Amino acid sequence: MVTKIWLSSPHMGGNEQNFVQQAFDGNWIAPLGPNVTGFEKDIESYLDANVYAAALSSGTAALHLGLILLGVQKGDEVICQSFTFAASANPIIYLGAAPVFVDSEPETWNICPNALEDAVKSRIAKGKKPKAIIAVHLYGMPYKVNEINSIAQKYNIPVLEDSAEALGSKYYDKPCGTLGDISVLSFNGNKIITTSGGGALITRDAETKNKAVFLATQARDDAPYYQHSTIGYNYRMSNVCAGIGRGQMLVLDDHVAGRRNMNAFYASFFNTINGVEVHKEKNDSIFSNHWLTTILIDAEVTGGKTAEGLRLAFNEEDIESRPLWKPLHLQPVFKDYPYYGSDIAQQLFDIGLCLPSGSNLGEYERQRIYKAMSKFFN
Ligand SMILES: *Cc1c(COP(=O)(O)O)cnc(C)c1O
């Protein structure tokens with residue numbers, strides 16, 4: 001029987017169960033313990049000695065706490081890249097704040113500096129300065145960090161860096177996950193490494209991390225009984241899950257190499273196909289983990305062959321592929337919020353496709369994918 005080829009499936013390295021076993025041996029079956037501390041240390045040393053990591057139950061929880069730590073409150077406005085997964089923006093709504101969506105630029109597909117500055121100026125003119133900017137390294141491709149940071153600094157607005165898809169990516173040799181005022185990682189099952197479900201908040205100082213952990217563990221005051229002066233959350237990562245994370249950190253670099261290998265595989269195939277463009281770094285200063293390899297198909301050049309056609313052809317062969325993220329300003333649930341920009345994100349959505357990109361896809365899977373693509377483009 002032929003097994004399905006997934007877009008991005010968990011890839012265990014072999015040591016995960018040892019760490020999970022240690023959790024059982026020590027009876028640390030709790031949202032704290034040696035694996036949580038160890039996993040945080042591993043993340044910190046992987047990223048940069050000068051950042052602090054708080055392991056949490058999900059990337060979405062990390063975004064939620066990140067916004068709270070940046071001071072976002074009910075009635076505030078928060079700028080958010082439109083071309084992303086809904087989880088980037090949902091926590092804005094949890095807080096009773098309102099998203100202001102901004103279009104992408106065509107080079108990295110991430111938040112467009114010009115549209116961002118238009119949005120900031122326009123909101124300020126309306127009497128409401130945005131409280132934060134959520135920028136996303138979509139599909140692992142770093143956004144234009146220098147340009148975005150200089151606008152953020154000019155107007156004195158903090159950046160919440162959504163690096164959920166970009167662990168292992170770099171911008172001018174600096175790791176993604178260290179480039180915002182506060183940053184977010186995800187270890188969901190489909191990400192480059194997984195804890196089966198989890199995330200992390202990355203801060204620039206210990207104090208902010210401690211605040212995040214305080215809020216993530218029900219905001220207990222320092223008293224022998226349970227006393228609370230703030231509303232808390234139950235957002236800490238389990239010590240069992242953190243054990244999986246410690247094992248995954250040992251193979252993170254291999255996963256980055258594997259995903260980049262898949263990208264090179266697609267690039268070499270599509271090299272000979274007119275009208276198909278593989279999304280790549282546009283200069284040497286940026287390094288994508290290529291979490292997912294994505295392509296754009298120009299049906300006018302391919303003679304009517306579309307991204308949707310390729311998706312259906314893959315489906316026939318039990319190979320999963322998927323349209324790009326539908327821009328948030330086009331989502332029914334967000335349709336009433338302001339949007340700045342043109343139709344770049346929408347155009348990408350219309351003609352793009354995400355291809356199977358897992359670091360666990362070997363020669364056999366690549367051959368099946370190759371055959372399906374050759375047949376479709378004959
Ligand atoms: C996966 C993802 C998230 C959410 O992370 P979870 O761990 O699934 O909650 C947020 N933003 C982006 C861009 C993501 O891809």
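Keep in mind that what you see is a predicted model, and the values were worked out from it rather than measured. Residue numbers restart at each chain and count upward from 1, following the sequence in its written direction. A pLDDT threshold of at least 70 governs which residues receive local features in this predicted model, and a stricter bar of 80 or more applies before side-chain atom pairs are shown or counted, although totals over entire chains, interfaces and linings include all residues. With hydrogens and water set aside, each side-chain value is computed from the structure's full complement of heavy atoms.

### Describing the site of the ligand
The line we're drawing: Nearness here has a simple test: a residue counts as near a molecule or strand if at least one of its heavy atoms is within 4 Å of that partner. In protein, a polar contact requires one atom able to donate a hydrogen and another able to accept it; more generally it is a pair of N or O atoms within 3.5 Å, and residues adjacent in sequence count only if both atoms are side-chain atoms. Only the protein chains shown count as cover for residues, with accessible areas throughout obtained via the Shrake-Rupley method and a probe of 1.4 Å. Each helix corresponds to a stretch of at least 4 residues labelled H or I by DSSP, and each strand to a stretch of at least 2 residues labelled E; elements are numbered beginning at the N terminus. Here the nonpolar group is Ala, Val, Leu, Ile, Met, Phe, Trp, Tyr, Cys and Pro; Asp, Glu, Lys and Arg are the charged ones; every other residue, Gly included, is treated as polar.
The immediate surroundings of the ligand are formed by 16 residues, with Gly59, Thr60, Glu165, Ser186 and Lys191 found nearest. The separation between a nitrogen atom of the ligand and a polar side-chain atom of aspartate 162 is 2.8 Å. Between the ligand and the protein, one listed contact pairs an oxygen atom with a side-chain N or O atom of lysine 191 at 3.2 Å. In isolation the ligand has 390 Å² of accessible area, and contact with the protein removes 94% of it. The element that contributes the greatest number of residues to the shell around the ligand is helix H3 (residues 59-69), accounting for three residues. Residues of the shell around the ligand, tallied by class, amount to five nonpolar, eight polar and three charged.

### A closer look at the packing of helix H5 (residues 113-125) against helix H6 (residues 145-154)
Each pair of packed helices can be summarised by the angle the axes make with each other and by the distance between the axes. The condition is simple: A fitted line through C-alpha atoms represents every axis, and for helices the fit uses only the stretch in contact; the resulting angles, taken between N-to-C directions, go from 0 to 180 degrees. Note that the term roughly parallel is reserved for angles under 35 degrees, roughly antiparallel for angles over 145, roughly perpendicular for angles of 65 to 115, and oblique for everything else. If you view the pair so one helix is near and one far, a crossing is left-handed when the near helix is turned anticlockwise from the far one by less than a right angle, and right-handed when it is turned clockwise. Residue contacts are counted whenever heavy atoms from the two residues lie within 4.5 Å of one another.
Running from N to C, H5 and H6 point in directions that differ by 15°, and their axes come no closer than 10 Å. One element, H5, and the other, H6, form an angle in the roughly parallel class. Taken as a pair, H5 and H6 cross one another with a handedness that is right-handed. When H5 is examined against H6, the residues Pro113, Leu116 and Glu117 are found in contact with a partner set consisting of Glu147, Ile148, Ile151 and Lys154. For the contact of H5 with H6, a count of residues per class yields four nonpolar, no polar and three charged.

### So, the nonpolar core
The nonpolar side chains of soluble globular proteins are, as a tendency, buried together. Stated formally: The criterion is simple. A nonpolar core is a set of buried Ala, Val, Leu, Ile, Met, Phe, Trp, Tyr and Cys residues joined through side-chain atoms within 4.5 Å. Remark: exposure states derive from per-residue accessible area (1.4 Å probe, protein chains only) relative to the maximum for the residue type, with buried under 20%, exposed over 50%, and partly exposed in between. Segmentation of the chain into domains, including their bounds, is taken from an automatic or database domain assignment.
Ranked by internal contacts, the top residues of the largest apolar core, which has 64 residues, are Ile43, Leu67, Tyr139 and Phe187. Element by element, the count of residues in this core is highest for H3, at five residues. Two domains each provide a minimum of three residues to this core, namely domain 1 (16-250) and domain 2 (253-377). The contacts of isoleucine 43, once residues within four sequence positions are left out, are Ala53, Leu185, Phe187, Ala200, Ile202 and Met249. Counting residues in each nonpolar core, the second largest holds 26 residues, with Ala135, Ile151, Ala152 and Val159 among its members.

### With respect to the sheet that holds strand E10 (residues 276-278)
Inclusion rule: A pair of strands counts as paired when DSSP detects no fewer than two bridges linking them.
The three strands lie next to each other as E10-E12-E14, forming an open sheet whose pairing is antiparallel. Two strands bound the open sheet, and with one partner strand each, they are E10 and strand E14 (352-355). Within this sheet the neighbouring strands show an average axis-to-axis angle of 25°, counted without direction. As paired strands, strand E12 (residues 293-297) and E14 are joined by four bridges and run antiparallel to one another. Within the sheet, the bridge partner assigned to threonine 293 lies in E14 and is leucine 355. The strands that helix H9 (residues 252-270) touches are E10, E12 and E14; relative to E10, the one it contacts most, it runs at about 155°.

### So, helix H11 (residues 307-316)
Selection rule: The reported arc concerns the directions from the helix axis to the C-beta atoms and nothing else.
Looking only at H11, the buried set comprises Ala307, Leu310 and Phe314. For H11, the buried positions fall inside an angular range of 60° around the axis, keeping them on one side. Against E12, helix H12 (344-351), E14 and helix H13 (363-377) lie the buried residues of H11. Residue aspartate 318 follows H11 closely and has a positive phi angle near 60°.

### With respect to the domain arrangement of the chain
Rules: When two parts are brought into contact, each loses some accessible area as probed by a 1.4 Å sphere; the total of that loss over both is the buried area. We count a salt bridge whenever a side-chain nitrogen from Lys or Arg sits within 4 Å of a carboxyl oxygen from Asp or Glu.
Domain boundaries assigned for the chain yield domain 1 (16-250) and domain 2 (253-377). Measuring from the centre of the C-alpha atoms in domain 1 to the corresponding centre in domain 2 gives 26 Å. Contacts between the two partners involve 47 residues from domain 1, matched on the other side by 36 residues from domain 2. A combined buried area of about 3700 Å² lies between domain 1 and domain 2, and 64% of that area is made up of carbon and sulfur atoms. Where domain 1 touches domain 2, the interface holds zero salt bridges. Taken together, the connections running from domain 1 to domain 2 amount to 24 residue pairs in polar contact (both at pLDDT 80 or more).

### Focus on the side chain of glutamate 320
Tracing the backbone through its elements, the reader meets glutamate 320 in the loop between H11 and strand E13 (339-340). At 3.2 Å, the side chain of glutamate 320 and the side chain of arginine 322 are in polar contact.

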